[in-house]
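Analysis of the macromolecular model
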Amino acid sequence: MGAKKAERDADFNAFVTGAWPRLMRTAFLLTGDRYLAEDVVQTALERTYAAWGRVTKADEPYAYVRRIVINEHARRFRRRVPEQLVNAVPERTGPDGFARLDERAALLEALGTLPPGQRQAVVLRYWEDLSESQAAAAMGCSVGTVKSQASKGIAKLRELSSLITMTSIGGAA
């Protein structure tokens, strides 16, 4: 029995090591806060560990756990008022790092203005690069809902003056 548990724990640890950065990115984009994202991912991983037998039998274990992250975020969102996005942005990269930081901060702030369903659809479709059917499975809704929510979310993002200014400045450079 001890050998099976050790093997199970080793498999789980290997999964967490590989999946942590992607899960954190998704959670950060959904929550807008690094520390809240960590809480969401950790709680999701607790649930994952408890269901590890089912997770390993799934066709796509990462997709299974991503769904747990999305559900955990939705559960937390329903319990309290949405948090304002903070400018906790990853380190700058490249020669134009400061401009990229400004653009990223503006985009994260704009994401924070979207309702939860639109935000989930935009994050899953455009950051996670999921197909409409994959996003629908992750969100637990129909493909039509994903299309509608993503379309409305992108339309709202296009209307924001901070993003319009950023796009026109970026386009002129």
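It should be noted that the structure appears before, not after, this text.
The shown structure was predicted, so the numbers you read here are calculated from the model rather than taken from an experiment. (Residues numbered from 1 in each chain as written. Predicted model: local features only at pLDDT ≥ 70, side-chain atom pairs only at ≥ 80, totals over all residues. Heavy atoms only, no water.)

This brings us to the side chain of Thr-31. With respect to the helices and strands, Thr-31 occurs in helix α1 (residues 2-31). By relative accessible area, Thr-31 is classed as buried at 4%. Within the structure, the side chain of Thr-31 is placed 3.1 Å from the backbone oxygen of Asp-33, a separation counted as a polar contact. (Helix = DSSP H or I, 4+ residues; strand = E, 2+ residues; numbered from the N terminus. Buried < 20%, exposed > 50% of the residue type's maximum accessible area, 1.4 Å probe, protein only. Polar contact = N/O pair within 3.5 Å; in protein donor to acceptor, adjacent residues only side chain to side chain.)

As a further point, take the nonpolar core. Membership of the largest hydrophobic core comes to 39 residues, with the highest contact counts inside it found for Phe-15, Leu-23, Leu-45, Leu-111 and Leu-124. Put simply, the parts of the chain that give this core at least two residues each are α1, α2 (34-50), α3 (52-57), α4 (61-79), α5 (97-111), α6 (116-127), α7 (132-139) and α8 (143-159). Of all the elements, α1 adds the most residues to this core, at 10 residues. Here Phe-15 is in contact with Trp-52, Pro-61, Tyr-62 and Val-65, once residues within four sequence places are set aside. (Core = buried A, V, L, I, M, F, W, Y, C linked by side-chain atoms within 4.5 Å. Contact = heavy atoms within 4.5 Å.)

Another point: the side chain of Gln-118. With respect to the secondary-structure elements, Gln-118 resides in helix α6. Ignoring anything within four residues of it in the chain, the contact list for Gln-118 reads Gln-149, Lys-152, Gly-153 and Lys-156.

With that settled, the discussion passes to α6. The terminal C-alpha atoms of α6, which comprises 12 residues, lie 15 Å apart, in line with the 16 Å expected from a rise of 1.5 Å per residue. Every buried residue of α6 is accounted for by Gln-118, Arg-119, Gln-120, Ala-121, Val-122, Val-123, Leu-124 and Arg-125. (Expected span 1.5 Å × (residues − 1).)

Within this structure, the stated rule accounts for six salt bridges. Here Asp-9 ties to Lys-5 by a salt bridge, and the two come within 3.0 Å at their closest N and O atoms. Of this pair, Asp-9 and Lys-5 both sit in helix α1, four residues apart, roughly one helical turn. Here Asp-9 falls in the partly exposed class, since its relative accessible area comes to 22%. With relative accessibility at 46%, the residue Lys-5 sits in the partly exposed group. Across the pair Arg-75 and Glu-72 runs a salt bridge whose closest N-O atoms are separated by 2.7 Å. Pair noted here: Arg-75 and Glu-72 are both in helix α4, with a separation of three residues, about one helical turn. Note on Glu-72: relative accessible area 2%, which makes it buried. What emerges from the salt-bridge pattern is a single network uniting Arg-47, Glu-72 and Arg-75. (Salt bridge = Lys/Arg side-chain N within 4 Å of Asp/Glu carboxyl O.)

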